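# Fold and contact review
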Amino acid sequence: MALISLADVGKSFRSREGRSWSAVADFNLTLEDGEFYCLLGPSGCGKSTILSLLAGFTLPSAGRLELSGKPIKGASRDRGVVFQGDDSLYPWLTAVENVEFGLRLRGVDRRERRDRAMQYLELVGLRGQEGKHPSELSGGMKQRVQIARALANEPRILLMDEPFGALDAQTRGAMQVELRRIWERMKVTVVFITHDIDEAIVLGTRVGVMTAGPGGTLKKNLPIDIPGERTRGDPRYIALYEEIHALVREEVLRANARRAA
Ligand SMILES: Nc1ncnc2c1ncn2[C@@H]1O[C@H](COP(=O)(O)OP(=O)(O)OP(=O)(O)O)[C@@H](O)[C@H]1O
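All values reported here derive from a predicted model rather than from experimental measurement. (Residues numbered from 1 in each chain as written. Predicted model: local features only at pLDDT ≥ 70, side-chain atom pairs only at ≥ 80, totals over all residues. Heavy atoms only, no water.)

For the rest of this paragraph, the subject is the domain arrangement of the chain. Here the chain is described as being made up of domain 1 (4–78 + 155–260) and domain 2 (86–154). Centre-to-centre, using C-alpha coordinates, domain 1 lies 26 Å away from domain 2. Between domain 1 and domain 2, the contact holds 16 residues from the first and 14 residues from the second. Buried area between domain 1 and domain 2, both sides added, is near 1300 Å², and the carbon and sulfur share of it is 72%. Three residues stand out in domain 1 for area buried against domain 2, namely Arg77, Pro155 and Met175, and they jointly supply 37% of the buried area on that side. Joining domain 1 to domain 2, the criterion identifies 1 salt bridge. Counting across the domain 1 and domain 2 interface gives 4 residue pairs in polar contact (both at pLDDT 80 or more). When residues of the side of domain 1 that touches domain 2 are traced back to their parent elements, those giving at least two are β7 (157–161) and α5 (169–186). It is α5 that contributes the most residues to the side of domain 1 that touches domain 2, 8 residues altogether. (Domains from an automatic or database assignment. Contact = heavy atoms within 4.5 Å. Buried area = accessible area lost by both parts, 1.4 Å probe. Salt bridge = Lys/Arg side-chain N within 4 Å of Asp/Glu carboxyl O. Polar contact = N/O pair within 3.5 Å; in protein donor to acceptor, adjacent residues only side chain to side chain. Helix = DSSP H or I, 4+ residues; strand = E, 2+ residues; numbered from the N terminus.)

Structural data, given as structure tokens:
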């Protein structure tokens, strides 16, 4: 059985004037345990909406959305979410207190939650920084705290919405290597939204490209069948890059044409 299955999933919103607005339509996808699935598409096509549906923050207006064969009815600890930027960290808590937060809510005792939080901070390379507040950490460090916090709840699925979008190129590259390493070690399933084709090919086991919105849907899935570390000069990398670039470009042009019409 698939870990996640979306069958003809649609999500519409209602505008203030009462008009219905389709964010995602007829979206079909199955994800197996252990995949690293990257979702690409033009701005506004509905990528974040898909992530939000998977997180259970919002419910579909049409179709079926299931986790291990059961409908997703709300948020749950089996799905950890990492957003772009650092807005979701509590500024008054230290790094380790931020990571512990979910464990504290669940009543995990003080000692165990500190041990577990430290273990995940170590995993993301932040040992020694645990006593710092978010304002004392760099952008990359704050993203690491977010990842550690999500992992501390031991989710089956990590949902990531452009988590490295705000980072400089060098930090971003380092974070990608780190995330791949964590994914290999933790055997967690990842759904990763990005605008960056390179990032998708370097990280993913499969890449999905969406059509332009409104009512974006899945246009094509491409397996990234490159074992080991992926180098940009590899002919397989180049061929995939060109194929995905052409698919995305077609949709960006379509989106621009719709906007101009
Ligand atoms: N809560 C909401 N209420 C009304 N409309 C919404 C809501 N959330 C998203 N939308 C609309 O749904 C469409 C898809 O938005 P979404 O954020 O999922 O796209 P995206 O592909 O993630 O965009 P970007 O790449 O720019 O972040 C957009 O037109 C957006 O305005």
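From this point, things continue past the structure.
Quick look at the site of the ligand now. If you check the shell around the ligand, you find Phe13, Trp21, Ala23, Pro42, Ser43, Gly44, Cys45, Gly46, Lys47, Ser48, Thr49 and His195 and nothing else. Here an oxygen atom of the ligand and a backbone polar atom of Cys45 are 3.1 Å apart. With respect to the ligand, the backbone of Gly46 contributes an N or O atom lying 3.0 Å from an oxygen atom. Of all the secondary structure elements, the ones that give two or more residues to the shell around the ligand are β2 (20–31) and α1 (47–55). Sort the elements by how many residues they give to the shell around the ligand and α1 lands first, with 3 residues. Class assignment of the residues belonging to the shell around the ligand gives a composition of 5 nonpolar, 6 polar and 1 charged. (Near = heavy atom within 4 Å. Nonpolar A, V, L, I, M, F, W, Y, C, P; charged D, E, K, R; others polar.)

We now examine the side chain of Glu199. Assignment of secondary structure puts Glu199 in helix α6 (residues 197–203). Polar side-chain contacts of Glu199 include one of 3.2 Å to the side chain of Arg172. Ignoring anything within four residues of it in the chain, the contact list for Glu199 reads Phe164, Arg172, Gln176, Phe192 and Thr194.

Quick look at α1 now. Each α-helix winds once per 3.6 residues, and so residues spaced three or four apart point in a common direction. Where burial is concerned, most of α1 is hidden: 7 out of the 9 residues are buried. Lys47, Thr49, Ile50, Leu51, Leu53, Leu54 and Ala55 are the residues of α1 that are buried. Positive backbone phi, at 85°, marks Gly56, one or two positions downstream of α1. (Buried < 20%, exposed > 50% of the residue type's maximum accessible area, 1.4 Å probe, protein only.)

Opposite charge on two side chains allows them to pair when their charged atoms are near. For the structure shown, the criterion picks out 21 salt bridges. Where Arg172 meets Asp196, a salt bridge forms, and the shortest distance between an N and an O atom there is 3.5 Å. Of this pair, Arg172 sits in helix α5 while Asp196 sits in the loop between β8 (189–193) and α6, placing them 24 residues apart in sequence. Where Glu199 meets Arg172, a salt bridge forms, and the shortest distance between an N and an O atom there is 3.2 Å. Here Arg172 lies in helix α5 and Glu199 lies in helix α6, a separation of 27 residues in the sequence. By the burial criterion, Glu199 is buried, and Arg172 matches it. Salt bridges here are not isolated pairs; linked through shared partners, they connect Lys219, Glu250, Glu251 and Arg254.

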